[in-house]
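Coordinate inspection notes
Okay, here's what each chain looks like letter by letter:
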Amino acid sequence: MPAVSKGDGMRGLAVFISDIRNCKSKEAEIKRINKELANIRSKFKGDKALDGYSKKKYVCKLLFIFLLGHDIDFGHMEAVNLLSSNKYTEKQIGYLFISVLVNSNSDLIRLINNAIKNDLGSRNPTFMNLALHCIANVGSREMAEAFASEIPKILVAGDTMDSVKQSAALCLLRLYRTSPDLVSVGEWTSRVVHLLNDQHLGVVTAATSLITALAQKNPDDFKTSVALAVARLSRIVTSASIDLQDYTYYFVAAPWLSVKLLRLLQCYPPPEDAALRSRLTECLETILNKAQEPPKSKKVQHSNAKNAVLFEAIALIIHHDSEPTLLVRACNQLGQFLQHRETNLRYLALESMCTLASSEFSHEAVKTHIETVINALKTERDVSVRQRAVDLLYAMCDRSNAKQIVAEMLTYLETADYSIREEIVLKVAILAEKYAVDYTWYVDTILNLIRIAGDYVSEEVWYRVIQIVINRDDVQGYAAKTVFEALQAPACHENLVKVGGYILGEFGNLIAGDSRSSPLVQFDLLHSKFHLCSVPTRALLLSAYIKFINLFPEVKTTIQEVLRSDSQLRNADVELQQRAVEYLRLSCVATTDVLATVLEEMPPFPERESSILAKLKKKKGSGKLPDMDDTRRNVNGSTENSGDAANSTDTTNKSSSCSSSLLEDLVPTYRPRPSSSSPIMLSARTTVSSQSFTDVLNLNSTPSGGASLLVDVFSDAASPVPVDMSEEHFCRFVCKNNGVVYENPLLQIGLKSEYRQNLGRMYVFYGNKTSTQFLSFSSSVTSSDVLKTQLNVHPKAVDPVIEGGAQVQQILNIECLSEFSDAPVLSIHFRYGGTLQNIAIKLPVMLNKFFQPTEMTSQDFFQRWKQLGAPQQEVQKIFKAKHPMDTETTKAKILGFGVALLDGVDPNPANFVGAGVIHTKGFQVGCLLRLEPNTQAQMYRLTFRTSRESVSGCLCELLSDQF
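Residues numbered from 1 in each chain as written. Predicted model: local features only at pLDDT ≥ 70, side-chain atom pairs only at ≥ 80, totals over all residues. Heavy atoms only, no water.

Take helix 14 (residues 255-265) next. Of all eleven residues in helix 14, eight are buried; the element is thus mostly enclosed. All of the buried residues along helix 14 are P255, L257, S258, V259, L261, L262, L264 and L265. Each element contacted by the buried residues of helix 14 is listed here: helix 12 (201-217), helix 13 (225-237), strand 1 (248-249), strand 2 (252-253), helix 15 (274-292) and helix 16 (300-320). (Buried < 20%, exposed > 50% of the residue type's maximum accessible area, 1.4 Å probe, protein only. Helix = DSSP H or I, 4+ residues; strand = E, 2+ residues; numbered from the N terminus. Contact = heavy atoms within 4.5 Å.)

What follows is the structure, given as structure tokens:
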């Protein structure tokens, strides 16, 4: 960098900064800033031309004022003029101002691009670096369009200086990350790859970052980088620290470059060439050997650099999963870190071992550390480390240690942090079922789980218990006896009452022979809990009572008295009242045979995949779960049975009707909440088959949360954790602008929107439903590449901390550029109780939001209707009504859709017609709609006519989904 001359001290700037620091109040600071802004404005507008030094000084002051948080609306042209200066300091301030204050939509962008082109073509390395830094800092799509084709030429040119090559590589990487479709290395691919052989390690480091990003998307184009990366890595790890003196950090040779090379190699499978593979293995062994050597320095920087390379090498070993010796060595090395005094090392070791536990080669080696991990669970002070210990126990579990691990998890659950209790409950439920040889142990474990952490036992868990008990004849009697004994405790969790009600209603007859659990005793025990339960549980108990009438005729009179009581027949809750009335009537009018048919025992459930797995996956994020299958993966992605799985035998002959493992099921298990959403209707005009009544306890609806199998744990650990997209309330906002778009136990997100022509503003309200702070709260809006050209969404900053019970607001400014059918995604990230939460919701921004209603007479409407009669201008859809066909509701939905509802226009008064104009930045689209309801057939015919076929189709799909 050129030396700064004495005249560049800018005494005026120093005095101004000093004045600001000496201000005693905010008002004094604003007054001083306004005075300075007025002075700068007068200088810029004055007749006397300013020299470069003065321009630089005033632009620098404006930059400082902006950094203080004040808006700057002038001085941009003067900053652009500084770019043409031949003095480094003036050009530097100009580029700095532009990087910070000029946005991509500025009218000056063309002048800026010309100045940048001049500097890139100047061959002056200092000016070229400034220009490249500016392109990378702005990083806009416009910058990518202007310079994406130029920068690769600079990068591979033979006469380009090393410092410029570094800047060019990193600049190209920045543009690739923001606009990947515009950056194409193309013909320069081989020359970019050969930068890995460059003598300057700074160039190699920058080039490795670029190649890694490019190889993740186009791995075949950069295959040749593997050999060069291995060669370069070999030279680094075998060199003495004095050989790479300029790039040795606390006695560790080029640690940053080593990490990047190891990360690049994780984009590819193990090398097929035997010599290359052997050389890579030697490198990894050398890194593991160096980790065992005594430290060459006591400074923390030395150990950090050394461990960074080690952990990345272990990540590569796990990724390849083909060298048993290396995998076991890596496991042993990580085992040493489990008791290290540094918390971060313990955390990283546990996290890496979770992945190692899923490898066929290292699973047994991981199991040798079980006592250390259990000890960490008991003694570790950091909650995040304890959570990783739980994850590792879950991953290393198999039939040989399942009972020990489940017992330890249950013990820890009693004192576990509230933020991870639900996750532990899910894992215990999965392990207990997967490795249950004796299903009496499974029943005991789940009931113990409900006793210890009933509030965190989700519906999926107790639904699954009931499914398994129903599917296994050998455990039904034991389950009935066990829940009967558990219900005798003075205080029972409501989930235990649900399980007890269902199981006794189905299998209470299996224990009725004992006088201590006679039918009347069972009924009295259940009914003693009735008044302490919520409405859904009471509904389930009423269903259990009607089952009792079928199982035990001797208690029929007692149960009918309960059903006939005013507290039931006149219950304020319509669901309970309806059940009581219908069950009472059924018990009175139905014969014994009819009752036996209607209330027969539940048939075995079909083989399905447990929804507990889906819930755990959704809670953790699909990239975080270790593989729980008994088959360990090999390097080719196929599976091989471990000895444990191969030698195990099924203890039952009912494989067709029993679920022995959560992973052996292939279809999602769906069980309902006993709520008013699924009432049992028994009326004289309803004909119902016996199949419809076998599930009187209402366990046949879909639980919250989707179900899908666990994903491959060998995905790139550096990639972000995928987040489930929430579209639950998306369709509700087609015809309204306000409401709750997302809600979970922690967070509620509400929206309030307003639109005018092609512009919109959306107010997003984030409500913290807990009593604990949300930390590092951030949100971002992402769109597909196509949508970015059709819709602009500019979010304003949101507070990084949301206090418990508080609500914060974020404003999104929206601009419609052209017609669109996709929707942007709002991603929210925050920390709650030490755990990172990731949420993604589909923002309800649809094309109809940019409607302006248009009033028309009948004559004008049909004249325009005929003008838009070309086949490509009309889209028509005939569809079945999903909701009751109510005239007022239909009117409200059409008005909410954004068009003007034209009364008296259509000759048929039952039809609805509307008109409006879609406003975009580039054009307007007139739209006419006609909705023809057929109440007899419960059908609609919806017709849209617009001047653009794509608009007609999009609007037709949006509106038809509302009826």
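Side chains of L67, L96 and V100 sit close together on the surface and give an oily, nonpolar patch of about 270 Å² of accessible area. The topology assignment puts L67 in helix 3 (residues 52-67). Judged by relative accessible area, L67 falls into the exposed class, the value being 61%. (Patch = residues over 30% accessible without salt bridge, like charges linked within 9 Å, V, L, I, M, F, W, Y side chains within 5 Å. Areas by Shrake-Rupley, 256 points an atom, 1.4 Å probe, with all protein chains shown as cover. Salt bridge = Lys/Arg side-chain N within 4 Å of Asp/Glu carboxyl O.)

Looking at the protein as a whole, its pLDDT mean stands at 81, while 85% of the residues score no less than 70. Mean pLDDT across the elements of the protein ranges from a minimum in helix 36 (residues 690-693), with 34, to a maximum in helix 14, with 93. Low pLDDT, under 50, characterises residues 1-7; the predicted model gives this stretch five contacts beyond four residues in sequence or across chains. Low confidence marks residues 622-722, where pLDDT is under 50. Its contacts with residues over four positions away, or in another chain, come to 240 contacts. (pLDDT = per-residue confidence, 0-100.)

Let us look at the packing of helix 24 (residues 439-453) against helix 26 (residues 473-487). Interaxial distance between helix 24 and helix 26 falls to 10 Å at its minimum, and their mutual angle equals 30°. As the angle between them shows, helix 24 and helix 26 are arranged roughly parallel. Of the two possible hands of crossing, helix 24 and helix 26 adopt the one that is right-handed. Each of Y439, T440, V443, D444 and L447 in helix 24 lies in contact with helix 26, whose residues at this interface are V475, Y478, A479, T482 and V483. (Axes fitted to C-alpha atoms, helices over the stretch in contact; angles between N-to-C directions. Parallel < 35°, antiparallel > 145°, perpendicular 65-115°, else oblique. Left-handed = near helix turned anticlockwise from the far one by under 90°.)

Let's shift gears to unusual backbone geometry. Phi is positive for Q757, close to 55°, though the residue is something other than glycine. Relative to the elements of secondary structure, Q757 occurs in the loop between strand 7 (747-756) and strand 8 (759-768). Residue Q757 is classed as partly exposed on the basis of its relative accessible area of 42%. At Q938, a residue that is not glycine, the phi angle is positive and equals roughly 55°. Relative to the helices and strands, Q938 is located in the loop between strand 18 (924-934) and strand 19 (939-946).

Our focus in this paragraph is the state of the cysteines. As enumerated under the stated definition, the model contains zero disulfides in all. Free of any disulfide, C533 has its nearest neighbouring cysteine sulfur in C492, separated by 9.3 Å. Looking at C533, the relative accessible area reads 9%, which means it is buried. (Disulfide = S-S within 2.5 Å.)

Among the ten residues that make up strand 8, seven are buried, leaving the element largely enclosed by the rest of the structure. Alignment of strand 7 against strand 8, held across ten bridges, turns out to be antiparallel. Considered in strand 8, the bridge of L751 is made with V764. What sits between strand 7 and strand 8 in their antiparallel hairpin is a turn of two residues, with Q757 showing a positive phi close to 55°. Both strand 8 and strand 11 (residues 807-816) contribute to a ladder of nine bridges, which runs antiparallel. Paired with L759 across the strands is E815, a residue of strand 11. (Pairing = 2+ DSSP bridges.)

Our next topic: the pairing of strand 19. Judged by how many residues are buried, strand 19 sits mostly within the fold: six of eight residues are covered. As judged from the seven bridges shared by strand 15 (residues 874-880) and strand 19, these two strands associate in the antiparallel manner. Counted as the bridge partner of E874 is R945 from strand 19. In the sheet, strand 18 pairs with strand 19 via eight bridges, with the strands oriented antiparallel.

What follows concerns the side chain of H363. Summarising the element assignment, H363 is placed in helix 19 (residues 363-367). We classify H363 as buried; its relative accessible area is 4%. In terms of polar contacts, H363 uses its side chain to reach the side chain of D398, at 3.3 Å. (Polar contact = N/O pair within 3.5 Å; in protein donor to acceptor, adjacent residues only side chain to side chain.)

To continue, consider the pattern of salt bridges. Counted by the stated rule, this structure contains 34 salt bridges. The partner of K165 in a salt bridge is D198, with the nearest N and O atoms 3.7 Å apart. A residue pair is termed long-range when its members are at least 10 positions apart, and K165 in helix 10 (residues 162-178) and D198 in the loop between helix 11 (189-193) and helix 12 qualify at 33 residues. An identical accessibility class is assigned to K165 and D198; each is buried. A salt bridge links E819 to R948; the shortest N-O distance between them is 3.4 Å. In this pair, E819 sits in the loop between strand 11 and strand 12 (825-832) while R948 sits in the loop between strand 19 and helix 40 (949-960), placing the two residues 129 residues apart along the sequence. The buried category is assigned to E819, whose relative accessible area is 18%. Connected through shared salt-bridge partners, D19, R32, E36 and K61 make up one network.

All right, on to the sheet that holds strand 8 then. Reading across the sheet, the five strands line up as 6-7-8-11-10 and stay open at both edges, with antiparallel pairing between neighbours. The sheet is open, and its two edges are formed by strand 6 (738-743) and strand 10 (791-795), each paired on a single side. Recorded for the sheet is a direction-independent mean angle of 25° between the axes of neighbouring strands.

As a further point, take the packing of aromatic side chains. Applying the stated rule across the entire model yields 24 aromatic pairs. Taken together, a centroid distance of 4.8 Å and an interplanar angle of 70° make the contact between Y249 and W256 edge-to-face. On the accessibility criterion, Y249 (27% relative accessible area) is partly exposed. Three or more aromatic residues link up through ring pairs in this structure, and these residues are Y766, F774, F777, F830 and Y832. Directly above the ring of F74 sits R41, whose terminal nitrogen or CZ lies 4.1 Å from the centroid. For the cation-ring pair, K427 lies above Y394, with the distance from its terminal atom to the ring centre recorded as 5.2 Å. (Phe/Tyr/Trp six-rings, centres within 6.5 Å; stacked < 30°, edge-to-face > 60°. Lys NZ or Arg CZ within 6 Å of the ring centre and 35° of its normal.)

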